[in-house]
Amino acid sequence: MRTRVPPSPNFAAIEAAAVGSAVQRRDIVAHIGNLIFTWSNNESLFIYLLQVLLDTDFESAAITFVTLNTTRARVDLIRRLAKKRVRDAETIAKLERLIERFNECTKLRNELNHSIYELDENGRITHTNELRFVETKTGVKFAARRPVDAARLKQIDGTVRKLIKLNRDLWAFMPELEKAARAGGGQGSAGGRS
């Protein structure tokens, strides 16, 4: 009786798959990292907006900024201070549009930053699962499962381009905000009187 010998593993194919998956993951992580970097760079510009609106030095504005725990709280503070310090409606409207553009980019950043990544048998990233759940009659599932493919990478790159443009627009807006804040004089209601 002959013993059947199993075929030897194709180590070259296994190694090629491992290298291919490593390259694919590195490419995806680079896209996501670029998004997170450009988003964070834009978020930090809000410190300068706070500096102008609080009429203070950079360090004091930075302390105020980092004391607030969420981006939403930081943006809300900026909106409220602007409404108190700035009387020019067009400047307020421009600030609102800039914040809205930032918030739109924040959605994708949050999704990618707070997802569980799904891998295939070769270690390639295939999907993201949003860390939010939906309860149905039959059970509990992730709120959203999305493919990580060429279209998704294109979406990330498009958001990075929007953030780069937003960064330039925020810098260009600062002198206008400073001028409007000084003209407004920071006079709000005091003691219930206006």
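The paragraphs below set out a description of the structure included in this document. None of these values were measured; they are calculated from a predicted model. (Residues numbered from 1 in each chain as written. Predicted model: local features only at pLDDT ≥ 70, side-chain atom pairs only at ≥ 80, totals over all residues. Heavy atoms only, no water.)

1. Topic: unusual backbone geometry
Residue Asp55 is not a glycine yet carries a positive backbone phi of 50°. Here Asp55 shows up in the loop between α1 (11–54) and α2 (58–67). Under the relative-accessibility criterion, Asp55 is labelled exposed at 61%. (Helix = DSSP H or I, 4+ residues; strand = E, 2+ residues; numbered from the N terminus. Buried < 20%, exposed > 50% of the residue type's maximum accessible area, 1.4 Å probe, protein only.)

2. Here we look at helix α3 (residues 71–85)
With 15 residues, α3 should cover 21 Å at 1.5 Å per step; its first-to-last C-alpha distance of 21 Å lies within 8% of that length. What α3 keeps buried is the set Thr71, Arg74, Val75, Ile78, Arg79, Leu81, Ala82 and Arg85. (Expected span 1.5 Å × (residues − 1).)

3. Considerations on the layout of surface pockets
Take a probe with the size of a water molecule and roll it over the atoms, and the empty space left behind shows itself. Computed from the structure, the largest pocket encloses a volume of approximately 280 Å³. If you trace the largest pocket, you find it lined by Trp39, Thr71, Arg72, Val75, Asp76, Arg79, Asn103, Thr106, Lys107, Arg109 and Asn110. Broken down by secondary-structure element, the contributors of at least two residues to the lining of the largest pocket are α3 and α4 (89–113). Within the lining of the largest pocket, the residues separate by chemical class into two nonpolar, four polar and five charged. (1 Å grid on protein atoms, 1.4 Å probe; cavity = no way out; pocket = protein on both sides within 12 Å on 5 of 7 lines; lining within 4 Å. Points joined across faces, edges and corners; volume = space filled by probe spheres on them. Nonpolar A, V, L, I, M, F, W, Y, C, P; charged D, E, K, R; others polar.)

4. Here we look at helix α5 (residues 150–184)
Taking 1.5 Å per residue, 35 residues should reach 51 Å; α5 reaches 49 Å between its end C-alpha atoms and fits that length. The sharpest bend along α5 comes to roughly 30°, located at Phe173, with the proline Pro175 sitting one to four residues further on. (Bend = angle between axes of the 7 residues up to and from the residue.)

5. Focus: the sheet that holds strand β2 (residues 125–130)
For sheets, the rule is that strands pair by backbone hydrogen bonds, running either parallel or antiparallel. Spatially, the three strands line up as an open sheet ordered β1-β2-β5, and their pairing is antiparallel. At either margin of the open sheet sits one strand with a lone partner, and together these are β1 (115–119) and β5 (145–147). Neighbour to neighbour, the strand axes of the sheet diverge by 30° on average, direction disregarded. Across three bridges, β2 lies against β5 in antiparallel orientation. Pairing of Asn129 across the sheet is with Arg145, part of β5. Lying over the sheet, α4 contacts β1, β2 and β5, oriented at roughly 60° with respect to β1. (Pairing = 2+ DSSP bridges. Axes fitted to C-alpha atoms, helices over the stretch in contact; angles between N-to-C directions. Contact = heavy atoms within 4.5 Å.)

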